[in-house]
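Topology and contacts: notes
Residue strings, one per chain:
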Amino acid sequence: MSNRLRQTWDLETIFPGGSASAEFNTFLKQLSADVEDLQKRINGLQPPASAEQTAAFDPLFVDVQNVSARFRQAGAFVSCLSAQDQNDQKAGQLSARVGSIRARWQSIVATFDSVLQNTPDAVWTEWMQQEAVAPVAFNLSESRLQAREKMTPELESLALSLSVDGYQGWSSFYNTIVRHVRVKSEENGEIKHLSAAQAANKLGSTDPKQREEMGRNWEQAWADVEDYCADTLNHLAGFRLSLYEKRGWENVLREPLEINRMSAETLDTMWQVITDNKPVFVEYLKRKAQLLNVEKLGWHDVDAPIGESESKIAYDDAADLIVEQFRSFSPRMADFAQRAFDNNWIEAEDRAGKRPGGFCTALPLTKETRIFMTYSGTASNVSTLAHELGHGYHQHVMDELPTFSQRYAMNVAETASTFAEMIVADSLVRKAADEEERMVLLEDKIQRSITFFMNIHARFLFETRFYEKRRQGLLTPQDLSDLMVEAQEEAFCGALGDYHPHFWASKLHFYNTGVPFYNFPYTFGYLFSTGIYAQAQREGAGFAEKYDALLLDTGRMTVEELAAKHLGADLTKPDFWQAAVDISVSDVRTFLEMTASKVGQSQ
């Protein structure tokens, strides 16, 4: 049935009244009061000197986890409000209010972690084996170790307090900049000025002239705000580097690696395997340039569809396809997706005023999720929708775990989402009506490899070099653009004819304060999920249960431990990564064979 599903989400079931919600105001007041109460209980708390004294901490663990879950609920709600309407100034005020309470909370957590840190090792070992504590022993031990590597609790508390109007403030200011960005677009002789989200959807137009014009206008729109973006990025990085210095951290990758529970050895091995395999992907880019009748692809040609026309997929049809394909792998996964569609958990409407990009956010108190994107009917949109539902399913599987054990890192979060995306992308290729459509859909699938192996690599190279240079002082907008082009040229092996100098300004991820280096976890997740997907295909229906077991452990293991336990793989060695990359290489070789005759005909 046409238009069966609503394309706007329902936030009223969370807190009625939107940014003017009286219920949410009461919720925040109570949260603030409970934070103050916990502060009184934790201040002056002494580390247990014996196993018998640890029993007094049991109710504290319960209350700390409860408050953490409520912060996630509040943060998710204000994120949804801000994303759906960038002009909602009350949403911005609520976000600042939540951030202020959270900063106080984080200082309390720092004090609490210090108590854990100073617990004698013998007492700690016995404590972590107790029945009430064992389920969260990994997470508590992780917090204890991290506390040892930071400043004193007093200084950490001061830094967190200053971050509200410093670090977090600059991140919020970036949202203000984006809200005012307008990109010129000409449609049927009429000049329009699109929001960043609307313009982003048009960068992959099938019309090369429109694509070129939109790419040029997009670049100009961000050049127009480059001073504001440069100030914002410089000060975000400056705050982060100053904090690292006070903690005695020299390597800027230390925090992101800790957050993602992975070793530098694993990261280096992954990038090396990708770099070694890039020549075949360069061949793909050259072939695509031939198919588009250009000497070299431009930056905005990389994502362009190769078909003369791109068939649109109705939102309802996309929902049916996703549920059907999820069910072929896991009925539980399909039931979750159907619930998300039926209960209006998804904001997909293509309209002005929305934030660009997409996300999935968890609401732990109500055991729900909300998904945000802008849907315009492309195959890539369908994949994005599946991707975000994969995030939601990951959280759904973990809903009954203790709050501490639900804190999985971004890299394994991207595993679940990319796995879901692969299920749907493969089905689209298999269901292609003819060879031409199959070729177009296969190319769309390969595009994800290009994104993770080259685009994301460029972001990683840029950010690594930017932080090193930022130690010496502020960078100008031109400095940043030069660094970005250098990174893009290296990551794409010089295969493109032009690049996107102001990508550093346009990409939200560079301004994220929650996850520094918001890039390599995507590539990790893509390849890790590729390896899992290959195993799922080999094992068939019985693998769904193993998959859920792997997801359950993502918040209580390092990635190396996770791979060893559930996949029998060593992530510090190239074998696993090469096997995963080989799947993408196979897709490229198939594509090159399918298109060989087309190149010959065009010549």
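Residues numbered from 1 in each chain as written. Predicted model: local features only at pLDDT ≥ 70, side-chain atom pairs only at ≥ 80, totals over all residues. Heavy atoms only, no water.

Our focus in this paragraph is the overall build of the chain. Scanning the chain for helices and strands turns up 24 helices and five strands. Compactness check: the chain gives a C-alpha radius of gyration of 24 Å against a globular reference of 25 Å for 603 residues, within 12% of the reference. Considering only C-alpha atoms, the chain reaches an extent of 80 × 55 × 50 Å along its principal axes. Of all 603 residues assigned to the chain, the portion counted as buried reaches 56%. Partitioning the intrachain contacts of the chain with sequence separation of at least 6 by distance along the chain shows that 77% fall at a separation of at least 24. Put simply, the chain shows about 25300 Å² of open surface, and 48% of that area lies on carbon and sulfur atoms. Each charge class in the chain was averaged separately, 60 positive and 85 negative side chains, and the resulting centres sit 2 Å apart. (Helix = DSSP H or I, 4+ residues; strand = E, 2+ residues; numbered from the N terminus. Rg over C-alpha atoms; globule rule 2.2 N^0.38 Å. Buried < 20%, exposed > 50% of the residue type's maximum accessible area, 1.4 Å probe, protein only. Contact = heavy atoms within 4.5 Å. Areas by Shrake-Rupley, 256 points an atom, 1.4 Å probe, with all protein chains shown as cover. Lys, Arg positive; Asp, Glu negative; His and termini not counted. Charge placed at Lys NZ, Arg CZ, Asp CG, Glu CD.)

Turning our attention to the side chain of Thr 415. Within the secondary structure, Thr 415 sits in helix α17 (residues 410-430). Leave out the neighbours within four places in its chain, and Thr 415 touches Phe 524, Gly 525, Phe 528, Ser 529 and Ile 532.

Spatially, the three strands line up as an open sheet ordered β3-β5-β4, and their pairing is mixed. The open sheet has two edge strands with one neighbour each: β3 (346-347) and β4 (359-363). Where β4 meets strand β5 (residues 368-372), five bridges bridge the pair, whose relative direction is antiparallel. Across the sheet, the residue bridging to Ala 362 is Thr 369, located in β5. Across the sheet, helix α16 (residues 379-398) touches β3, β4 and β5, and the angle it forms with β4 is around 20 degrees. (Pairing = 2+ DSSP bridges. Axes fitted to C-alpha atoms, helices over the stretch in contact; angles between N-to-C directions.)

What follows covers the packing of aromatic side chains. Applying the stated criterion across every chain yields a total of 45 aromatic pairs. Between Trp 9 and Phe 359 the ring centres are 6.4 Å apart and the planes differ by 55 degrees, which places this aromatic pair in the tilted class. Taken together, the residues span a long stretch of sequence, with Trp 9 in the segment before α1 (22-42) and Phe 359 in strand β4 at a distance of 350 residues. Trp 9 sits in the buried class, given a relative accessible area of 5%. What makes Phe 359 buried here is its relative accessible area of 14%. (Phe/Tyr/Trp six-rings, centres within 6.5 Å; stacked < 30°, edge-to-face > 60°.)

Our focus in this paragraph is helix α13 (residues 278-291). Helix length check: α13, at 14 residues, gives a terminal C-alpha distance of 20 Å against a target of 20 Å (1.5 Å per residue), a fit within 8%. Considered for burial, the residues of α13 that qualify are Lys 278, Val 280, Phe 281, Val 282, Tyr 284, Leu 285, Arg 287, Lys 288 and Ala 289. (Expected span 1.5 Å × (residues − 1).)

A complete count under the given rule lists 33 salt bridges for this structure. Residue Arg 465 pairs with Glu 490 through a salt bridge whose shortest N-O separation is 2.7 Å. Within this pair, whereas Arg 465 is found in helix α18 (residues 435-470), its partner Glu 490 is found in helix α19 (residues 477-491), the two being separated by 25 residues in sequence. Residue Glu 539 pairs with Lys 546 through a salt bridge whose shortest N-O separation is 2.9 Å. Sharing partners across several salt bridges, the network here consists of Glu 347, Glu 349, Arg 351 and Lys 354. (Salt bridge = Lys/Arg side-chain N within 4 Å of Asp/Glu carboxyl O.)

All right, on to the environment of Leu 236 then. Assignment of secondary structure puts Leu 236 in helix α10 (residues 226-247). Sequence spacing of Leu 236 and Gln 472 is 236 residues, and the spatial spacing of their C-alpha atoms is 15 Å. Setting aside its immediate chain neighbours within four residues, Leu 236 contacts Tyr 167, Trp 170, Ser 171, Tyr 511 and Thr 513.

What follows is about the pairing of β5. Of all five residues making up β5, five are buried, and the element is well covered by its neighbours. Of the two faces of β5, the one holding Glu 368, Arg 370 and Phe 372 and the one holding Thr 369 and Ile 371 are both buried throughout. Two strands pair when backbone bridges link them, and β3 and β5 are joined in this way by two bridges, in the parallel orientation. Following the sheet pairing, Glu 347 is matched in β5 by Phe 372. A loop of four residues connects β4 with β5, the two strands running antiparallel in sequence, and Lys 367 in this loop sits at a positive phi of about 55 degrees.

Tracing the sequence through the fold places Asn 234 in helix α10. A C-alpha to C-alpha distance of 15 Å links Asn 234 and Asp 482, two positions 248 residues apart in sequence. Sequence-distant contacts of Asn 234, defined by excluding residues within four places in its chain, comprise Phe 466, Arg 470, Leu 474 and Leu 475.

Within the secondary structure layout, His 500 lies in the loop between α19 and α20 (503-506). Note on His 500: relative accessible area 1%, which makes it buried. Beyond its immediate sequence surroundings of up to four residues, His 500 is in contact with Trp 218, Glu 219, Trp 299, His 300, Met 484, Gln 488 and Ser 506.

Before going further, it helps to spend a moment on the pairing of strand β1 (residues 183-187). Judged by which residues are buried, β1 turns out to be one-sided: Val 183, Ser 185 and Glu 187 face inward and are buried, whereas Lys 184 and Glu 186, on the alternate face, are not. In this structure, β1 lies alongside strand β2 (residues 190-194), joined through five bridges in antiparallel fashion. What sits directly across from Lys 184, in β2, is His 193. Two successive antiparallel strands, β1 and β2, enclose a turn made up of two residues, where Asn 188 displays a positive phi of approximately 55 degrees.

Core analysis: the largest hydrophobic core is formed by 147 residues, its most contacted members being Trp 222, Phe 326, Leu 389, Phe 462 and Trp 504. Ranked by residue count, the leading element in this core is α18, at 16 residues. Residues contacting Leu 389, with those up to four places away along its chain left out, are Ile 322, Phe 326, Phe 336, Ala 337, Ala 340, Phe 341, Ile 346 and Ile 371. (Core = buried A, V, L, I, M, F, W, Y, C linked by side-chain atoms within 4.5 Å.)

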